[in-house]
Amino acid sequence: MNCLFHTESLQGHPQVYCRVIGEALLARGARVVIAAADAHDDWAERWNDLSVFKGDSRVTVVASPAGLSAEDLVALQQAHAIDSTLLIEADVLRPQFHRISAGVAPRLRGRVAAIFSRTTEWYPGEDFYSGLPLATVQPGLVNRLRRWNREWFQRERSDRYFFETVLMRKRVIDRIVVKDERIAARFGEPVTWMPEIYKLFNSVDNEVQCREFELWQPRLQDAISRVAPQECLLYFGAGAWYKGYDWFLELLARNPCAFGVHAGSGIRYENGKRFTGTPEATRTRLLAEGRLVETGGYVSSQRLVEWLFSAVPLFVSTHRLTVSSGTMLQALDAGTPVLVPETGLVGYRAGTLGLGLTYKYGDVEDMGRQWARMKTMDLAAARSRGQAFMERFSRAAVDQYFSELLLS
C-alpha cells in the first residue's frame, strides 16, 4: 500500500510525525511518500529526524507547491499511485475542503485522514489559546454581535459549519483526526482521537547529540544541585509568547529561593504577541543573581530532554496555549507531576485525572500559590496516575492507531 503524508512545512512537529508514523507503516509493509513545500533535495541533511529514511527505497520525499490546492493534491496522489493519505496540517487546507464540498474542486483519491489542531471553537466552545469559554473571552456588545453575525448570517465561515457540514455531512474526507478526546467522545465517527506524538520513540542520540549531552548534563546537574529540588523551575523550548516565557521569568523573580533552567533558544518576538512586563530586564537580573541557567539554543539530544524532565520533582507549565502541551506529556512520561492552567485540554486532563494541580489562567500570583502548595504534597498518587495516563501515548498505541487509520 502506498501512503502519502502531506504537510505545508516540515518545521517543528510535522517532521516528528512523519518519522514516527512512517516507521509504523513501513514495519507493516507500506511504502511512504512525504510531501512538503520545504522538502528539497537536501531534506536528509536539513531535517535531521528524517535522516533515517535516506537511502530507503520504500520512502520518497518530494517538494510540493506552497499553498497546495485540491488539484495539486490529487495530482500528487495520482503521480505516486497513492492508496491512503494523511494530511498532517489540515487546518491550512480548509479553503480547499470548502471548494471540494461546493463541487468546484475534485474530490481526493483513496482513503483520506486529516489532523486538525484548531478545533476548540467548534467543540467544546473554547478560545484556542486560553481555553476559556468563548462567551467570557468576547466581552462587549460589539464582539457578541460579530459572533452572532458569523453564526447566523455567515454560517459557512463558522467552525461548526465547516466540521459538521463540509466534513461530516458531505464526507469530504474519511476521518477527522483530533487531539482532544472530548471531541471524539461527543461526536463519534468520522471523528477520531489520536494519541499525540510528542517525541521520537527509541531514539538514539547521534554523535553531535551525544556531545550535546556530555556538555550540558554535568553543567545543569551542578546548577540544579545548588538548590532544594522542589525550588527548581524548568522551562523547555524557545522563549516564546505562547509558551509563557515572560510568566516563567516573573514566577522565578517572585520566588527568591527558586532557581530556573531554560533549556532552549532565547526570547522570540512575534507580531501581535506582546509579552507582559519587561522579560529582557528580568532575565538579565536573574542571570546576574545566579538564579537562571540557559542552554542558549535548541536541545536536540533526546537523552538530555528525558533527563531534564526527570531531574525536577514537579513541572510548572506557564503555557498560554492550553489546547495541547507536548511539555506536559514529556513531564508525565518522566514520572513528573504537573501544575498547569485550569482551562483548555491541559486543565481538563490534569483536573479530571488527578495528574497534578491547576492554577487560574494567566494569574502568576495564583500560579505561585499552587506551586507552593504542591511542594508540600505527597505526589506519589499523581505520579502513578500520570504514568497510567501516558500508556495512551505509548509507541504501541501510536503504531496501532495510525496503522488502523491508514492501512485497514
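Being a predicted model, the structure only gives us computed values, none of them experimental.

> I tried to follow the overall build of the protein on my own but got confused; where do I start?
Scanning the protein from terminus to terminus reveals 17 helices and 13 strands. Referenced to the eigenvectors of the C-alpha coordinate spread, the extents of the protein come out at roughly 60 × 60 × 40 Å. Burial statistics for the protein: of 408 residues in total, 53% are counted as buried. Within the protein, counting contacts between residues at least 6 apart in sequence, those at least 24 apart form 73% of the total. Element-wise, carbon and sulfur atoms account for 49% of the exposed surface of the protein, whose accessible area totals about 18200 Å². The positive charge centre, built from 49 side chains, and the negative charge centre, built from 47, are 4 Å apart in the protein.

> How should the sheet that holds strand β8 (residues 232-236) be read in this particular structure?
Sheet strands associate in pairs through backbone hydrogen bonding, adopting either a parallel or an antiparallel arrangement. With parallel pairing, three strands are arranged side by side in an open sheet as β8-β9-β10. Across the chains shown, the open sheet's two edge strands, defined by having one partner strand only, are β8 and β10 (292-294). Each strand of the sheet is rotated relative to its neighbour by a mean of 15 degrees, with strand direction disregarded. Of the pairings in the sheet, the one linking strand β9 (residues 259-263) to β10 comprises three bridges and is parallel in character. Counterpart to H262 in the pairing with β10 is E294. Sitting on the sheet, helix α9 (residues 207-224) touches β8, β9 and β10, and the angle it makes with β9 is about 160 degrees.

> Explain the pairing of strand β13 (residues 356-359) here, please?
For a regular strand, the rule is simple: side chains alternate between the two faces of the sheet. Inspection of the sheet shows strand β12 (residues 338-341) paired to β13 by four bridges, in the parallel sense. Directly across from P341, in β13, lies its bridge partner Y359. Between the parallel pair β12 and β13, the chain is carried across by helix α14 (residues 344-353), and the sense of this crossover is right-handed.

> What's the story with the packing of aromatic side chains in this structure? I'm lost.
Aromatic ring pairs are described here by two measures, namely the spacing of the ring centres and the angle between the planes. What the rule picks out here adds up to 19 aromatic pairs. For the pair F97 and F116, a centre-to-centre distance of 6.1 Å together with 55 degrees between the ring planes defines the contact as tilted. Linking F97 in helix α4 (residues 94-102) with F116 in strand β5 (residues 111-116), this pair joins segments that are 19 residues apart in sequence. On the basis of relative accessibility, which here comes to 2%, the residue F97 falls in the buried class. What makes F116 buried here is its relative accessible area of 1%. Ring pairs connect the aromatic residues F97, F116, W122, Y123, F162, F163 and F187, which therefore count as one cluster. The ring centre of Y348 lies 5.2 Å from the NZ or CZ of R182, which sits over that ring. The residue whose ring lies beneath R186 is F187, and the NZ or CZ to ring-centre distance is 4.6 Å.

> Please explain the packing of helix α1 (residues 13-26) against helix α17 (residues 395-407) as it appears in this structure.
Packed helices, taken two at a time, are described by the angle their axes make and the gap between the axes. Where α1 meets α17, the closest approach of the two axes is 9 Å, and the angle between their N-to-C directions is 70 degrees. Considered as vectors, α1 and α17 are oriented roughly perpendicular to each other. Of α17, the residues touching α1 (which contributes V20, I21, E23, A24 and L25) are R395, V398, D399, F402, S403, L406 and L407. Considering only residue class, the contact of α1 with α17 consists of eight nonpolar, one polar and three charged.

What counts and what doesn't
Residues numbered from 1 in each chain as written. Predicted model: local features only at pLDDT ≥ 70, side-chain atom pairs only at ≥ 80, totals over all residues. Heavy atoms only, no water. Helix = DSSP H or I, 4+ residues; strand = E, 2+ residues; numbered from the N terminus. Buried < 20%, exposed > 50% of the residue type's maximum accessible area, 1.4 Å probe, protein only. Contact = heavy atoms within 4.5 Å. Areas by Shrake-Rupley, 256 points an atom, 1.4 Å probe, with all protein chains shown as cover. Lys, Arg positive; Asp, Glu negative; His and termini not counted. Charge placed at Lys NZ, Arg CZ, Asp CG, Glu CD. Pairing = 2+ DSSP bridges. Axes fitted to C-alpha atoms, helices over the stretch in contact; angles between N-to-C directions. Right-handed = clockwise from strand over helix to strand, strands pointing away. Phe/Tyr/Trp six-rings, centres within 6.5 Å; stacked < 30°, edge-to-face > 60°. Lys NZ or Arg CZ within 6 Å of the ring centre and 35° of its normal. Parallel < 35°, antiparallel > 145°, perpendicular 65-115°, else oblique. Nonpolar A, V, L, I, M, F, W, Y, C, P; charged D, E, K, R; others polar.

Just geometry here; none of it tells us what the structure is for.
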